[in-house]
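So the chains spell out like this:
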Amino acid sequence: MNCDVCKQKPATVFLTQIVDGKMQKVNLCEACSKEKGVTDPTGFALADLLLGLGASQEMEKSTVGARCPACGFSHADFKKTGRFGCAACYDTFADGLENMLKGMHKGLEHRGKVPPRLLKAKLRDEEMKKLQRELRKAVADEKYEAAAELRDRIRNLENEAHTAS
Amino acid sequence: MPIHTILSTSGEWLRGDGPQSHIVVSSRVRLARNLNGFPFPGHAKKTERVSVLECIKPAVESLPEMADAHSVYSQDLSALEKQVLVERHLISREHAAKGLGSAVVMNKKQTLSIMINEEDHLRMQAIRSGLQLKSAFKLIDKVDSELGDKLDFAFHNQYGFLTACPTNVGTGMRASAMMHLPALVLSEQVNQVIQAVNKVGLAVRGLYGEGTEAMGNLFQISNQTTLGEKEEEIITRLNKVIEQIILHENNARATLQQKKPVTLLDNIGRAYGILRYSHSMASKEALNLLSYLKLGVDLGFFPEECRMQVDELFIETQPAHLQKSTAQKLQAEERDALRASIIRGRLEKLPAPAPKSAAPQEPPAKPDDKAKD
């Protein structure tokens, strides 16, 4: 994942903020984060903790940063308990989560049981991702006919998903 | 079914008749599940916990597997009753600390136990005697599918089943086997085994799970990771490692018998002596000594008919089980005295240990002996 500002260097600082109930996520590289003045270390307790940099131990409880819109859980709460507040926290604290999970598990993708009634939606989601990848590749390779066909298939899937939910 | 029926009858898995039950005491598989739209129990308000409970409990009770179940709110269980359930591994120590807003549902055979509002909204467990991880998984998997039809489980397309602790996310499954490894301990190989097991991403814990001490040479081997692998793959991997450990324990037993028969008999004999004649015994000491008695039965030093007696003592001498039978709370000293007296009573008829081959063996026919006659 590259930095959102310079789009060149890999992002090492991930910032999630909730402004007026809207969640915003920013991924920055080291240089850009300094340039933007995001240097307050207490603002990065979550990122540090999740990335396992160990620096979080020195940090005070943070007041800035992510708060789950669904349950009000903050990253300070996570730091304290090592537990999440609700299912939506997995999306709220998505940045950095992967790095933490990488250290804990064998992979980052669930490969086990899917509840029968969600199986269809999961398969559709996977198919969609695959088609989008193919579409990007087709566009890059200037294969416009194939791209148009892929676009139609994606639209069909989207419609299906809408009617299902 | 009233709670005292559950408490006064021992569970199916305690009978110790499963495969490999000489070394693998029991196999357990638990699944963690949560409902969408409710905060996890640790972050929920009391009213939220109660509404989750009132949503889940009827769904669990209506399962065909739970037709003869006992279902009880946590606040309706006494501290002693909870402790008895902990000692039988029907609830976790964490669940025992819960009050209003939590409950547990157990079937009559005590092979299934479903905790509501532990760390997650649902912690469902199947427990079988001996090495039966696959059948335990099958049992709990069916319950999970049935409940999944009735309840809206929190499920993420990438991360799978979402749990309060990210260490459980994905399958939400923890499969574990309780192993009795006295010979590996006696021959000081157990630490090597633990290290090797840790290296392949499995965890070794004491008798009551995370952070507990290994007593009575009992060890729990379980999977550490829950994301990135199928349930069946995790169980197969775990099974393979457990079979290896069984092999090592059997080898260690054979080696002890061959190379250190006196040490072995001495350990078993001392355990026998102390258990038979002591008048005060703490539960840890009892477990450690009973472990040698169990080893003695496995090796044929005691008659096979005594196996049940010894196995039962493992659980009957645990603090809560001890007090359950006296129906009153006892001081530590009184408990230790009662424990010793129960053990003395149960082992009264147990003959002294003797190596299996000694009895039917012909008297040594050495030429020297004959010459003296």
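A word on the overall build of chain B. In terms of helices and strands, chain B carries 14 helices and 10 strands. Compactness check: chain B gives a C-alpha radius of gyration of 23 Å against a globular reference of 21 Å for 373 residues, within 12% of the reference. Judged by the C-alpha coordinates and their principal axes, chain B covers about 90 × 45 × 30 Å. Counting every atom, chain B has about 16100 Å² of accessible surface; 52% of that belongs to carbon and sulfur. Of the side chains in chain B, 45 bear a positive and 44 a negative charge, and the two mean positions are spaced by 2 Å.

At the junction of the two partners, chain A supplies 33 residues and chain B supplies 40 residues. Taken together, both faces of the contact between chain A and chain B bury some 3200 Å²; the carbon and sulfur share is 56%. At the junction of chain A with chain B, the criterion picks out four salt bridges. With its nearest N and O atoms 2.7 Å apart, the salt bridge here joins K113(A) to D144(B). Elements with a contribution of two residues or more to the side of chain A that touches chain B: α4 (89-92), α5 (94-104) and α6 (116-140) of chain A. Partitioning the side of chain A that touches chain B into residue classes produces 16 nonpolar, seven polar and 10 charged.

All chains considered together, the criterion is met by 25 salt bridges over all chains. Put simply, E119(B) and R83(A) hold a salt bridge, and the shortest N to O gap is 3.0 Å. With E119(B) in the loop between β4 (112-116) and β5 (122-129) and R83(A) in the loop between α3 (75-81) and α4, the pair connects residues from two separate chains. E118(B) serves as the salt-bridge partner of R123(B), at 3.2 Å between the closest nitrogen and oxygen.

Our next topic: the confidence of the model for chain A. Do not read the predicted coordinates in detail wherever pLDDT is low. Residue and element names in this part refer to chain A. Residues at a pLDDT of 70 or more form 75% of chain A, whose mean pLDDT is 75. Averaged pLDDT values over the elements of chain A bottom out at 42 in helix α2 (residues 45-51) and peak at 90 in α4. Predicted confidence for residues 40-64 stays below pLDDT 50, and this span has 45 contacts to residues more than four positions away or in other chains.

On to the environment of R83(A), then. The exposure class assigned to R83(A) is partly exposed, which follows from its relative accessible area of 30%. Along the sequence, R83(A) and C29(A) sit 54 residues apart, while their C-alpha atoms lie 28 Å from each other. Not counting chain neighbours up to four residues away, the residues in contact with R83(A) comprise F73(A), F78(A), E119(B), A164(B) and C165(B). At a separation of 3.0 Å, a polar atom in the side chain of R83(A) contacts the side chain of E119(B).

Residues and elements named next belong to chain B. Relative to the helices and strands, N117 is located in the loop between β4 and β5. Given the relative accessible area of 1%, N117 is considered buried. Of note is the side chain of N117, whose polar atom sits 2.7 Å from the backbone oxygen of G101. Setting aside its immediate chain neighbours within four residues, N117 contacts P41, R49, V52, L53, H95, K98, G101 and S102.

Attention now moves to helix α5 (residues 133-150) of chain B. Here α5(B) spans 26 Å end to end across 18 residues, near enough to the 26 Å set by a 1.5 Å rise per residue. Burial in α5(B) covers these residues: L133(B), A136(B), F137(B), I140(B), V143(B), D144(B), E146(B), L147(B) and G148(B).

Membership of the largest hydrophobic core comes to 85 residues, with the highest contact counts inside it found for L122(B), L147(B) and M179(B). The biggest single contributor to this core is helix α8 (residues 231-259) of chain B, with nine residues. If sequence neighbours within four positions are ignored, L122(B) has contacts with L31(B), A32(B), R33(B), I56(B), V60(B), I114(B), M115(B), I116(B), L147(B), L151(B) and F153(B). Within the second largest apolar cluster, 21 residues are counted, among which are F84(A), F93(A), A154(B) and L227(B).

This part is about unusual backbone geometry. Phi is positive for E142(A), close to 60°, though the residue is something other than glycine. Phi angles above zero are rare outside glycine, and E188(B) is one such case at about 55°. As for its placement among the helices and strands, E188(B) is situated in the loop between α6 (182-186) and α7 (190-199). When its relative accessible area of 69% is taken as the criterion, E188(B) is described as exposed.

The rules we used
- Residues numbered from 1 in each chain as written.
- Chains lettered and ligands numbered in written order.
- Predicted model: local features only at pLDDT ≥ 70, side-chain atom pairs only at ≥ 80, totals over all residues.
- Heavy atoms only, no water.
- Helix = DSSP H or I, 4+ residues; strand = E, 2+ residues; numbered from the N terminus.
- Rg over C-alpha atoms; globule rule 2.2 N^0.38 Å.
- Areas by Shrake-Rupley, 256 points an atom, 1.4 Å probe, with all protein chains shown as cover.
- Lys, Arg positive; Asp, Glu negative; His and termini not counted.
- Charge placed at Lys NZ, Arg CZ, Asp CG, Glu CD.
- Contact = heavy atoms within 4.5 Å.
- Buried area = accessible area lost by both parts, 1.4 Å probe.
- Salt bridge = Lys/Arg side-chain N within 4 Å of Asp/Glu carboxyl O.
- Nonpolar A, V, L, I, M, F, W, Y, C, P; charged D, E, K, R; others polar.
- pLDDT = per-residue confidence, 0-100.
- Buried < 20%, exposed > 50% of the residue type's maximum accessible area, 1.4 Å probe, protein only.
- Polar contact = N/O pair within 3.5 Å; in protein donor to acceptor, adjacent residues only side chain to side chain.
- Expected span 1.5 Å × (residues − 1).
- Core = buried A, V, L, I, M, F, W, Y, C linked by side-chain atoms within 4.5 Å.

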